[in-house]
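# Working through the structure, step by step
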Amino acid sequence: MKLDRRQFLVRAATGSAISAATALFPGISFGEWPKIAENSSVVSWHKAPCRFCGTGCGVLVGTVGGRAVAVKGDPNSSVNKGLCCMKGYHSVQALYGADRLTKAKVRKDGQLVEVPMAEALDLVASKLRETREKYGKDAVAIYGSGQWTIPDGYVASKLFKGCLGTNNVEANARLCMSSAVTGFMTSFGIDEPMGCYEDIEHADVFVTWGNNMAEMHPVLFSRMLASRRRRAGVKVIDFATRRTRTSQAADRSILFRPQTDLAVANAICHEIVANGWVNEAFVGEHVSFHRGKTGIGYGTEDHFAFTDEEQGITFDDYRRFLADYTPEKVEKISGVSAKDIKYLAALYGDPALKVVSFWCMGMNQHTRGTWIQNLVYNIHLLTGKISQAGNGPFSLTGQPSACGTVREVGTLTHALPHGTVGNEHDRQMAAEIWGVPVANIDPRPTYHTVEMFRALDRGDIKFLWIQVTNPMVTLPNLRRYRSGALKEDRFVVVSDVYPTPTTDIADVILPSALWVEKEGLFGNSERRTQHWQRVVEPPGEAMCDTWQLIEVARRLGFAERFPWSREEAIEKIWEEYRRFHAGPKHEMAPYETLRARSGVQWPFVEGKETRWRFNAAHDPACSNGKAFHFYGQRDGRAWIWARPYEPAAESPDRDYPFWLNTGRVIEHWHTGSLTRRVPVLHNAVPASYVELNPEDAAALGVVNGEKVRLVSRRGELVLPAQINGRGLPPRGMVFVPFFDESLLVNEVTLDAFCPISKQPDYKKCAVRVEKA
């Protein structure tokens, strides 16, 4: 029996957890270091991508005497042009928390005890082999992250899919951007944005679809505001479910009821068609029309399965579909006035205006996440405002390598670096590059993330290795999945840099190297691959995740598949991985080019980056002799989908009358395991809270700072009320940030997901609010 699992402590709130940041050089505070470092000949500066969001800002890390002591924006990075956000400017402090994991730990007699790293790796390999032999190949699994480096994810996929023969490979990016993937795949037949950040300097209008960019992507938002200052007439339109700092900076803020963005997007398309704003030449040459299944469910039951059925339709069929989405009808559904719907449609429909649509979790974490992506693409395709400077839809990501490691490497159950496990050609290519029999690569996907943890709960998975992520904070309906991980015959390995609620449930903890303590590569939202060198040593026996995987692979007998020395490993892995993407559609830059530059966009063909895909003037993969070529789809066209509005999986009712929305704040990143150990960030927002509308607070008799209880059908949570703070929800909605491990809002959330992408909806479930 597993005994004495630690309770979830408020680790980062203790002085010991955050005090070490000022102890690098006695008598010199971190606040003084940037100024001192700028004038010191002993400081060495090293380029690296920031790891605190998916923007991919370039930074320069200053080192002295083997310590990282300062950070500044990289002026050579086209992403941020020398600017950083508050997390970036304080990022090196995350290396030096007092409770950093430096030694491996193994659970013995219910207690975690320190052991040599080699002993821990021996145990991991032994338990993996034992579980696989006893229960079969699909009883073992690995769960990684959009914070995995590209080599981390590549080696994990090669080991588990190529050598062990299981597709039980998932990553936390399933929770944040898989709807973006399925949106691209269904509309364009190929993944990742067609545009780039340079669009910001060309666009006349920005529409942020459920995206609080001011806090979630502050550097890009700063570029938007700078563009508006420089050029008269530039507008920012905030389209969201609550008022935020983005709303405050926007020219217009439009609120919609949760889930009804589907209806509004269709209403915009209705107006574009009804007013003759369709770019008929573009649509006639480059677009085809389609529909799929409706009433597709929400995935709340175990073993849920769904397969869409695509059917071609005509433009007239599509026009008839849109007839149900007049602005007046949609106003009643969405709460968005017909006037505002027509205003949005006019912006998109005006051929003189260049429009960029930005979104992130609001559209991705959605039970119809694939559909809403399709519908926003429809708007851009009908008007021809796509794949051009300043014109395009742009899905942003929240992690530094959700694109590079998860989407491009293929660290999801169905994926391979260049394709899917279900495609025979793709399996043959992977087998040839990996040097394994093609029969090793199973053609059947296994478990997406939510179902993977359901399988762990059921006992279908017995061994789970978690790297670079904190699912015991981030999984929806968390109580079920935490209790599943604690069951007697489950074996959980966790690789991380600090104690977290996930290390609390581990049988083995492997200390990991963090960021510039190892060499690595990330891939950001605009298809930009970024390389960095190791510039400081990891503490104690901490080891990079790539090498942890290689050590275990060798113990399992796969040394020939992973033959590299530590010194050469990253270069050799990159050059092997590049073979998957050879050709003009996805050619990756060579290792030496990446070492020399502050990031390189793919496709990288004949020494030239591709800024706008599918545009023949920029994209070398276009081959149809026309101005645009959507070469991912079988007909060479982009697909417009007729996707209806369908309600959320769970909506407010008499017993649970409030919507619950969750998300982030600018000071903290994801679960706070790093940012809460940075003193200035932790002190700025030391604990979570619930935003209440002032009228709702008055009706409940609640004042600012007073404790309230949120109750759902799955759990409850007590936390302080914030009234008229940085965010303002409408009546009938509450908002809770999820960074605080002592206030686990995901014990309240619902594990419903988009049936196509399998991405959970963290933005919509029903709760009751009580005075505590």
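Residues numbered from 1 in each chain as written. Predicted model: local features only at pLDDT ≥ 70, side-chain atom pairs only at ≥ 80, totals over all residues. Heavy atoms only, no water.

With that settled, consider the layout of surface pockets. Approximately 420 Å³ is the volume found for the second largest pocket. Broken down by secondary-structure element, the contributors of at least two residues to the lining of the second largest pocket are helix 22 (545-555) and helix 23 (569-578). Residue classes in the lining of the second largest pocket are distributed as 8 nonpolar, 2 polar and 8 charged. (1 Å grid on protein atoms, 1.4 Å probe; cavity = no way out; pocket = protein on both sides within 12 Å on 5 of 7 lines; lining within 4 Å. Points joined across faces, edges and corners; volume = space filled by probe spheres on them. Helix = DSSP H or I, 4+ residues; strand = E, 2+ residues; numbered from the N terminus. Nonpolar A, V, L, I, M, F, W, Y, C, P; charged D, E, K, R; others polar.)

Here we come to the domain arrangement of the protein. If you check the domain split of the protein, you get domain 1 (5-96), domain 2 (104-176 + 401-516 + 537-559), domain 3 (178-399) and domain 4 (658-749). Taken together, the contact between domain 1 and domain 2 spans 16 residues of the former and 17 residues of the latter. Across the contact surface, domain 1 and domain 2 share 0 salt bridges. At the surface where domain 1 touches domain 2, the tally comes to 3 residue pairs in polar contact (both at pLDDT 80 or more). In terms of residue class, the side of domain 1 that touches domain 2 is made up of 10 nonpolar, 2 polar and 4 charged. (Domains from an automatic or database assignment. Contact = heavy atoms within 4.5 Å. Salt bridge = Lys/Arg side-chain N within 4 Å of Asp/Glu carboxyl O. Polar contact = N/O pair within 3.5 Å; in protein donor to acceptor, adjacent residues only side chain to side chain.)

Turning to the environment of P730, a few remarks are in order. With respect to the helices and strands, P730 occurs in the loop between strand 29 (716-723) and strand 30 (733-737). Beyond its immediate stretch of four places on either side in the chain, P730 contacts T241, R242, L255, N693 and D696.

Attention now moves to the packing of aromatic side chains. Tallying each qualifying case throughout the model produces 31 aromatic pairs. Their ring planes at 45° and their centres at 5.5 Å tell us that F321 and Y325 sit as a pair that is tilted. One exposure class covers both F321 and Y325, and it is buried. A network of ring pairs unites the aromatic residues F184, F188, F282, W359, Y377, F614, F628, F630 and Y631 as a single cluster. The ring of W45 has K72 sitting right over it, with the charged end atom 4.2 Å from the ring centre. The residue whose ring lies beneath K462 is Y135, and the NZ or CZ to ring-centre distance is 5.0 Å. (Phe/Tyr/Trp six-rings, centres within 6.5 Å; stacked < 30°, edge-to-face > 60°. Buried < 20%, exposed > 50% of the residue type's maximum accessible area, 1.4 Å probe, protein only. Lys NZ or Arg CZ within 6 Å of the ring centre and 35° of its normal.)

Rolled over the atoms, a probe with the dimensions of a water molecule shows which regions are left empty. Enumeration over the complete set of coordinates arrives at 3 cavities of 30 Å³ or more. Its volume calculated, the second largest cavity comes out at about 110 Å³. Lining the second largest cavity are 13 residues, with C50, C53, C57, C85 and V219 sitting closest to its centre. Among the secondary structure elements, those contributing two or more residues to the lining of the second largest cavity are helix 3 (86-89) and helix 8 (218-230). Of the residues in the lining of the second largest cavity, the class split is 9 nonpolar, 3 polar and 1 charged.

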